[in-house]
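Coordinate analysis (summary)
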Amino acid sequence: MDRPSLLALPNDADTFAKVGAWCEADPTWIFAFAAAIATEGGAWPSEAATRAAQQTVARLASLPGEGVRAGLEPVIMGRDVDNALEWLKEIGAIALLFPELQATVDLTQETDRQHKDVWAHTKQVVKQSVRRPLVRWAALLHDIGKVPTRTFTAQGVHFHGHAHVGARLFDKISRRIIWDRDERHTIRFLVNNHLRTNSYSHDGWSDSAVRRFTREMGPYVPDLLDLSRADITSKRPGQRQRILAGISDLSDRADELARQDAILPPLPTGVGNAIMAAFQLAPSRLIGDLKKHLEEKVAAGELQARREDEYYVAYLARTAMVPGASPELNATLAAAGGLIDQDDADASAREAAGDLEGKHRCPIHDDDAHDDPNAPTPGVLVCSC
């Protein structure tokens, strides 16, 4: 039976008996009904068909993980996926298959006014996502970490670290719903990093910061940016446009810097002279060898491209790459070059944990960056829920 026919079944006892028998014999019929909702205009099947699916929904537990994934993927890829997800929730399929997702139903995100719950937000994000399966799976699961991380303070509701907690919850889900290794890694990465664009501002991020973002996000940049765009569900005037503009600006800068990096040398002009001056060296083959070593580190992503001379001199000093340089000289030059290596990693970890955040931390949403949802800090991307 084709999908339109499923939605056209009459609301009578015969439909109830027929659909119940189908689902009892083969529970993937439940997914067929959900896919019909998602792809044929969003209307639900008759009450009789819905009740029959509800009474047999426990049969879904007998399906292998591959079968659940195969049955749900056409659902989440549909244009009216939000209606289909609500129907699956209504008959008990979400609670059975995704208790982590069921827990977001009625989970409010604000205390002092009416606001969509996490489940409503999630359905909208999935619907707004580009129609690529892994992005839609990530959209479906991106906020499951909000359930165990929700806390209340005088300043409002917080979800500190919910992206990282959500990634760990996804690890459990991926043992029930089967994806191959690369697919699993992609979905987990997107869930874990779906807030990374929230702190972006054109003036607040240097070119080096944009390069670092691109390097750390690697091949996931397009999917992550598309998920970030879908994650904007605010109805506050102008907010959606501001956030979309920020994401587009980040994307454009990343593309432009990648273009520049493809044609420009990785080290700044004059770094060889800076090395000679800093370490009191005469021109020699050693200078060329040191520059080649720095270029290899840039290519490997261990050093940033086209930074100030002191940055590269400090690296050479900290790693004691220059023969004959005294420990005292190395220490002085390293200190003048700023944070690199482990110190930089420690600072990054503190930043990720929120230790270095200023007043733009949102008092209402955990990792989202604004003081007042009605008056976002200029130049800082506010939260998108």
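What you see is a predicted model, and the numbers here were worked out from it, not measured in a lab. (Residues numbered from 1 in each chain as written. Predicted model: local features only at pLDDT ≥ 70, side-chain atom pairs only at ≥ 80, totals over all residues. Heavy atoms only, no water.)

Side note on the overall build of the protein
Helix and strand counts for the protein stand at 21 helices and 2 strands. When burial is assessed residue by residue, the protein has 48% of its 385 residues classed as buried. Long-range pairs, those at least 24 residues apart, make up 68% of the contacts in the protein with a sequence separation of at least 6. (Helix = DSSP H or I, 4+ residues; strand = E, 2+ residues; numbered from the N terminus. Buried < 20%, exposed > 50% of the residue type's maximum accessible area, 1.4 Å probe, protein only. Contact = heavy atoms within 4.5 Å.)

Quick notes on the confidence of the model for the protein
Taken residue by residue, the protein gives an average pLDDT of 87. The fraction at 70 or more is 85%. Segment residues 356–385: pLDDT under 50, and 100 contacts once partners within four positions in sequence are set aside and those in other chains are kept. (pLDDT = per-residue confidence, 0-100.)

Regarding the packing of helix 2 (residues 13–25) against helix 4 (residues 47–56)
For the pair helix 2 and helix 4, the least separation of the axes is 8 Å and the interaxial angle reads 35 degrees. In this structure, helix 2 meets helix 4 at a crossing whose hand is right-handed. Contact residues: T15, F16, V19, G20, C23 and E24 in helix 2; A48, A49, R51, A52, A53, Q55 and T56 in helix 4. Class assignment for the residues of the contact of helix 2 with helix 4 results in 7 nonpolar, 4 polar and 2 charged. (Axes fitted to C-alpha atoms, helices over the stretch in contact; angles between N-to-C directions. Left-handed = near helix turned anticlockwise from the far one by under 90°. Nonpolar A, V, L, I, M, F, W, Y, C, P; charged D, E, K, R; others polar.)

Here's the deal with helix 18 (residues 285–299)
For helix 18, built from 15 residues, the straight-helix expectation of 21 Å at 1.5 Å per residue is met to within 8% by its first-to-last C-alpha distance of 21 Å. Listed in full, the buried residues belonging to helix 18 are I287, L290, H293, L294, K297 and V298. Burial along helix 18 is one-sided: seen end-on, the buried residues are contained in an arc of 140 degrees. Facing away from the buried surface of helix 18 by more than 90 degrees, the exposed residues are R285, K292 and A299. Among the structural elements, helix 17 (271–279) and helix 19 (309–318) are those in contact with the buried residues of helix 18. Once helix 18 ends, the next one or two residues include G301, with phi positive near 85 degrees. (Expected span 1.5 Å × (residues − 1). Arc of directions from axis to C-beta.)

Considerations on helix 19
Among the 10 residues of helix 19, 7 are classified as buried, and the element is accordingly described as predominantly covered. Among the residues making up helix 19, those that are buried are Y311, Y312, V313, A314, Y315, L316 and A317. Count one or two residues on from helix 19 and you reach A320, which has phi positive near 50 degrees.

Here's the deal with the packing of aromatic side chains
Summed over the entire model, instances satisfying the criterion amount to 9 aromatic pairs. Measuring from centroid to centroid gives 4.6 Å for W22 and W29, while their planes differ by 25 degrees, and the two rings are stacked. Given the relative accessible area of 22%, W29 is considered partly exposed. Look at Y200 and W205: their rings are 5.1 Å apart centre to centre, the planes differ by 85 degrees, and that puts the pair in the edge-to-face class. The exposure classification of Y200 matches that of W205, with both residues buried. Stacked on the ring of Y311, the Lys or Arg R307 has its end atom at 4.1 Å from the ring centre. (Phe/Tyr/Trp six-rings, centres within 6.5 Å; stacked < 30°, edge-to-face > 60°. Lys NZ or Arg CZ within 6 Å of the ring centre and 35° of its normal.)

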